[in-house]
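Okay, here's what each chain looks like letter by letter:
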Amino acid sequence: MKRRAQMEINGKTKLYGIIGNPVEHTMSPLVHCTFAQALGINMVYVPFHVAEGQLEAAIKGAYGLNICGMNVTVPYKNAVIPFLTEVDMRAEASGSVNTLVRDNREGREGFIGYNTDASGLWRAMQEEGITLKNEQVIVLGAGGVGRAVAFMCANSDAQKVYLLNRNAIKADDVAAKVNNSLRRYGKDCVTAMALADYKKLLTGAENRYIVIQCTSVGLAPNVDNVVIEDGDFYHYVKFGYDLIYTPWETKFMQLVTANGGVAYNGLKMLLYQGIEAFEIWTSCKVPRENVDKVYQILKNKLT
């Protein structure tokens, strides 16, 4: 990737950003600003900390300030939906939005919602050679990302998807919504379980799962925490994918590898969900050389 001169910010610069709480730790500005500079696109991308109770005001304010698009991170991926003018089919089915595009249609004043989390994870897993077809998958966590991931796995022809959550009622609700969305495709394979009941899945040595860790448990600085501490569980994990990328190797990942599985962190998912958002906003395809360069920059910052 040839280094370009620093982009000049002027009256034609388009503004993008990310909203969340907290948001100070995000690496998304590095991703988007690097792509913009490499491709010669006059845009900047900044984080916006949105305090509890201020989400609707933030969305209206962003539209009023002519912000062109935003990413959405925790805890607003579900909560943002009522404040949007439209939600695309994939985001509606997954019940989670992480990318907003300014709605410029006449009579509309707001943003359209998309979800690139699940497709970003799918692209990252494909790059690692992990396929989901006919696999049994355990998804840990039933939040916005967990729901999107469960939908993606089921829609990618996983044989069975087990959605585990501390709050079993929430897991039941999310699984029901995912299955309802999948029925249009003739699928219904997501089963909700209380996290405490995970041992019911450890029924035989022939069962080896792909496990996707979708909670914030283990995120720095709480690096000694893990959703399931029982070492027996990890004997049944062949691939473990932790969506956390700080620390570089989480305790979840350590337990997977210590028991013979292969573990990955969430950095490539972060990168690919960002690429998809960038391509939606700019209609520009990010070249492979730029993808590899930005991944290495991110990795160097984390290791």
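Coordinates for the structure precede this section.
This section reports on the structure supplied with the text. Since we're looking at a predicted model, the values are computed, not measured.

1. Details of the sheet that holds strand S12 (residues 262-264)
Pairing between sheet strands relies on hydrogen bonds along the backbone, with the strands arranged either parallel or antiparallel.
Alright, step 1. Within the open sheet, the six strands sit side by side as S9-S8-S7-S10-S11-S12. Their pairing is parallel. The open sheet is flanked by strand S9 (190-194) and S12, the only strands paired with a single partner. Across the sheet, the axes of successive neighbouring strands diverge by a mean angle of 20°, strand direction being ignored.
Alright, step 2. Sheet topology places strand S7 (residues 136-140) next to strand S10 (residues 209-213); four bridges connect them, and they run parallel. Its bridge partner being in S10, Leu140 is matched across the sheet by Gln213.
Alright, step 3. Against the sheet, helix H5 (residues 144-155) touches S7, strand S8 (160-165), S9 and S10, its axis set at about 170° to S8.
Alright, step 4. Most of the contacts of helix H8 (residues 251-258) go to strand S11 (residues 237-242), to which it runs at about 165°, and overall it touches S7, S10, S11 and S12.

2. What about helix H4 (residues 117-127)?
Alright, step 1. Of all the positions in H4, only Asp117, Ala118, Ser119, Gly120, Leu121, Ala124 and Met125 are classed as buried.
Alright, step 2. Next to the buried residues of H4 lie helix H3 (89-94), H5, S10, S11 and helix H9 (267-282).
Alright, step 3. Count one or two residues on from H4 and you reach Gly129, which has phi positive near 80°.

3. Focus: the environment of Val190
Alright, step 1. Summarising the element assignment, Val190 is placed in strand S9.
Alright, step 2. The class for Val190 is buried, based on a relative accessible area of 6%.
Alright, step 3. Through-space distance from the C-alpha of Val190 to that of Ala154 is 7.1 Å; in sequence the pair is 36 residues apart.
Alright, step 4. Not counting residues within four places of it along the chain, the set of residues in contact with Val190 comprises Ala150, Ala154, Val161, Leu163, Ala175, Val178, Asn179 and Leu182.

The rules we used
- Residues numbered from 1 in each chain as written.
- Predicted model: local features only at pLDDT ≥ 70, side-chain atom pairs only at ≥ 80, totals over all residues.
- Heavy atoms only, no water.
- Pairing = 2+ DSSP bridges.
- Helix = DSSP H or I, 4+ residues; strand = E, 2+ residues; numbered from the N terminus.
- Axes fitted to C-alpha atoms, helices over the stretch in contact; angles between N-to-C directions.
- Contact = heavy atoms within 4.5 Å.
- Buried < 20%, exposed > 50% of the residue type's maximum accessible area, 1.4 Å probe, protein only.

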